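Secondary and tertiary structure notes
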Amino acid sequence: MDDRILIIGAGQAGMQIAISLREEGFAGEVTIVGDEACGPYQRPPLSKAYLAGIADIQSLELRAARFYTDKAIDIVTGETIVDVRFDAPGRGDTGMATAASGRIFEFDRLAITPGSTPRRLPIEGGDLAGVLYLRSLADADALKSRWTAAENLVVIGGGFIGLEVAAAARLAGKTVTVIEVADRLMARAVSPVTSEFYRGAHERRGTRVLLEAELVRLLGDAGEVTGVELVGAGQSGGEIIPADIVLVGIGVIARGELAELLGLETINGAIVVNSYAETSDPRIVAAGDAVLLPHPLGHYGQVRLESVQNAVDQAKVAARTLMGIREVHRAVPWFWSDQGDLKLQIAGLSTGFDQIVERGSQQSEKFSVLYYRDGRLLAIDAINDPIDYMAVRRALHAGAHIPAELAADSSIALKTLIVGGEA
Amino acid sequence: MPEVTYFSPDGTQTTLNAREGDSVMETAVKNGVTGIVAECGGACACATCHVYVDEAFTAVVGEAGDLEDDMLDGTAADRLPNSRLSCQIKMNSALNGLTVHIAPKQI
């Protein structure tokens, strides 16, 4: 019997599982079902090149249509799976997924890559027209349709997405305000050193950045957003900031509904997997943004990573697991964020650091921050500094080390300081 | 549509018609050419689309920009004078017939 593998979720992870299955020689049926109108596409450019009008829809597609035909990968779009069940483990395991349309997908093995959905702003006025999120192509098109006419953009949430959109809006000459509830930008991703640099850099480019700012409500007229009312910003309470667009980027929530239907272990909606991308039901694998996985460099704890790299690397492991190949997921997490002319590249996970080493000069807007714990290299934030970024990524990949006391000398190339590992 | 030919590390050779303005990387990845990883999708953020440009085309392809030049500093395979990141080479009619050899190691 040829197995039928169903992949629910047509994003980067879902597509990569399908491709890797074929690369590993899987000869059965592979079906990817997704709820969006189009096939797998790149999300990162939505807040960058696509918004700026440099990339078009065709350039976003991850593979040409012919590729899927050649590989016998069946892509089904526009179908939302609302029910999924797997027979009790044992003889003749088969499962069935049902779409909202009534269409039924039968399978023998299942992969779920549901991704995440933007956290909604739970506040009065949050449902006004012009209050936008950015996750999907549809979201990006909604933003673009208001973009040209908009003069005042308020970004709620000083994370990657919000700051990327803010930078694009400043380049387009708009008045831009970023509102962040925390005391610094990108607090989940980078250290205070990098956060503080970015606050200054965005302000130098004309963006107003408000930290520890508390929202009261969004104001509107005839159903359209017109402004944001704040408390705690500056000396006078109740400041109102005009807005034609309010872009909300306050994080995402894992889409764990299907996992819960299947009785899989989840934590806050995130699907718990082991180092083989197996869920609590070993017949089902999961990958991508919705997954809580063991630290991919073998450090203590579980992490949920929202990145292309994680989606791709985890999907490869998931595909091998489906094929019966046992390979522990090990990968260096890396991220990037292009905010106007500022290129942030991160390799590794800095959580738990107890020492930082700064290289280069913040004044020149080209520098890097290396993170250490107990003298062990954890990660780097590189700002307009790909050379340091690549050196640390390579060191982490090889399980090697760069001594902190030597790294502090910016005149020495980091790659010449790499010691140990397999490099 | 300009043609581009890829020599993959596994020995396969693929010739494709590129859409004008698409990069050498995009053309390869979308059509399943093996050997180019290109995880960042062309943002010059990952250096996993490293190619060696055929000598006959190095002049017309031109040199790497500053950012790309820095990324090439950390490629997994050896950097050679004709090394480029294929996400930064946009196809146009002047590049018709372009041949690239995909670097044997990307990560």
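**Quick look at the sheet that holds strand β18 (residues 266-267) of chain A**
Residue and element names in this part refer to chain A. Read across the open sheet, the four strands follow the order β18-β19-β21-β22; overall the sheet is mixed. Across the chains shown, the open sheet's two edge strands, defined by having one partner strand only, are β18 and β22 (302-303). Strand direction decides the pairing type here: β18 and strand β19 (residues 270-272), joined by two bridges, are antiparallel. Directly across from Ile267, in β19, lies its bridge partner Ala270.

**Concerning empty space enclosed by the protein**
Residues and elements named next belong to chain A. Throughout the structure, instances matching the rule amount to one cavity of 30 Å³ or more. Lining the largest cavity are Val273, Asn274, Ser275, Ala277, Leu293, Pro294, Gln314, Val317 and His329. Mapped onto the lining of the largest cavity, the elements with two or more residues apiece are β21 (291-294) and α8 (308-322). Grouping the amino acids of the lining of the largest cavity by side-chain chemistry returns five nonpolar, four polar and no charged.

**Points about the domain arrangement of chain A**
Where the parts come together, the accessible area they lose is often given as the size of the interface. Residue and element names in this part refer to chain A. Taken domain by domain, chain A consists of domain 1 (4-117 + 253-322), domain 2 (128-247) and domain 3 (341-417). Centre-to-centre separation of domain 1 and domain 3, based on C-alpha positions: 33 Å. Each partner contributes to the interface: domain 1 provides five residues, whereas domain 3 provides four residues. Summed over both partners, the interface of domain 1 with domain 3 comes to about 400 Å²; 69% of that surface belongs to carbon and sulfur atoms. Split by residue class, the side of domain 1 that touches domain 3 holds three nonpolar, two polar and no charged.

**What to know about the interface of chain B and chain A**
Listed per partner, the contact involves 24 residues of chain B and 28 residues of chain A. Interface area, chain B with chain A, both sides summed: about 2,200 Å², of which 51% is carbon and sulfur. Taken as a group, B:Arg19, B:Lys30 and B:Glu39 account for 30% of the area that chain B buries against chain A, more than any other trio of residues on that side. Where chain B packs against chain A, one counts three salt bridges. Salt-bridge contacts for A:Lys366 lead to B:Asp70; the nearest nitrogen and oxygen are separated by 3.4 Å. One can count ten residue pairs in polar contact (both at pLDDT 80 or more) joining chain B with chain A. Sorting the residues of the side of chain B that touches chain A by element identifies α1 (24-30) and α3 (66-72) of chain B as the ones contributing at least two each. Class assignment for the residues of the side of chain B that touches chain A results in eleven nonpolar, six polar and seven charged.

**Comments concerning the pattern of salt bridges**
All names here are of chain A. Scanning all chains against the criterion turns up 33 salt bridges over all chains. Here Glu327 ties to Arg320 by a salt bridge, and the two come within 2.8 Å at their closest N and O atoms. Through salt bridges with shared partners, one network takes in Arg204, Arg205, Asp341 and Glu365.

**Focus on the confidence of the model for chain B**
Model confidence for chain B is summarised by a mean pLDDT of 92, while 100% of its residues fall at 70 or above. Reported confidences for the modelled complex are a pTM of 0.94 and an ipTM of 0.90.

**A closer look at the packing of helix α1 (residues 12-23) of chain A against α8(A)**
All names here are of chain A. Where α1 contacts α8, the two axes come as close as 8 Å, and the packing angle between them is 40°. By the angle between their directions, the pair α1 and α8 is classed as oblique. As α1 packs across α8, the resulting crossing turns out to be right-handed. In this structure, α1 contributes Gln12, Ala13, Gln16, Ile17, Ser20 and Leu21 to the contact, and α8 contributes Val308, Ala311, Val312, Ala315, Lys316, Ala318, Ala319 and Leu322. In terms of residue class, the contact of α1 with α8 is built from ten nonpolar, three polar and one charged.

**Focus on unusual backbone geometry**
Residues other than glycine seldom take positive phi values, yet A:Glu365 does so here, at roughly 60°. Looking at the element boundaries, A:Glu365 is found in the loop between β25 (355-361) and β26 (366-373). You can call A:Glu365 buried: its relative accessible area is 15%. Phi is positive for B:Cys44, which is not a glycine, with a value near 55°. Of note, B:Cys44 is situated in the loop between α1 and β3 (50-53). Given the relative accessible area of 4%, B:Cys44 is considered buried.

Thresholds applied
Residues numbered from 1 in each chain as written. Chains lettered and ligands numbered in written order. Predicted model: local features only at pLDDT ≥ 70, side-chain atom pairs only at ≥ 80, totals over all residues. Heavy atoms only, no water. Pairing = 2+ DSSP bridges. Helix = DSSP H or I, 4+ residues; strand = E, 2+ residues; numbered from the N terminus. 1 Å grid on protein atoms, 1.4 Å probe; cavity = no way out; pocket = protein on both sides within 12 Å on 5 of 7 lines; lining within 4 Å. Points joined across faces, edges and corners; volume = space filled by probe spheres on them. Nonpolar A, V, L, I, M, F, W, Y, C, P; charged D, E, K, R; others polar. Domains from an automatic or database assignment. Contact = heavy atoms within 4.5 Å. Buried area = accessible area lost by both parts, 1.4 Å probe. Salt bridge = Lys/Arg side-chain N within 4 Å of Asp/Glu carboxyl O. Polar contact = N/O pair within 3.5 Å; in protein donor to acceptor, adjacent residues only side chain to side chain. pLDDT = per-residue confidence, 0-100. Axes fitted to C-alpha atoms, helices over the stretch in contact; angles between N-to-C directions. Parallel < 35°, antiparallel > 145°, perpendicular 65-115°, else oblique. Left-handed = near helix turned anticlockwise from the far one by under 90°. Buried < 20%, exposed > 50% of the residue type's maximum accessible area, 1.4 Å probe, protein only.

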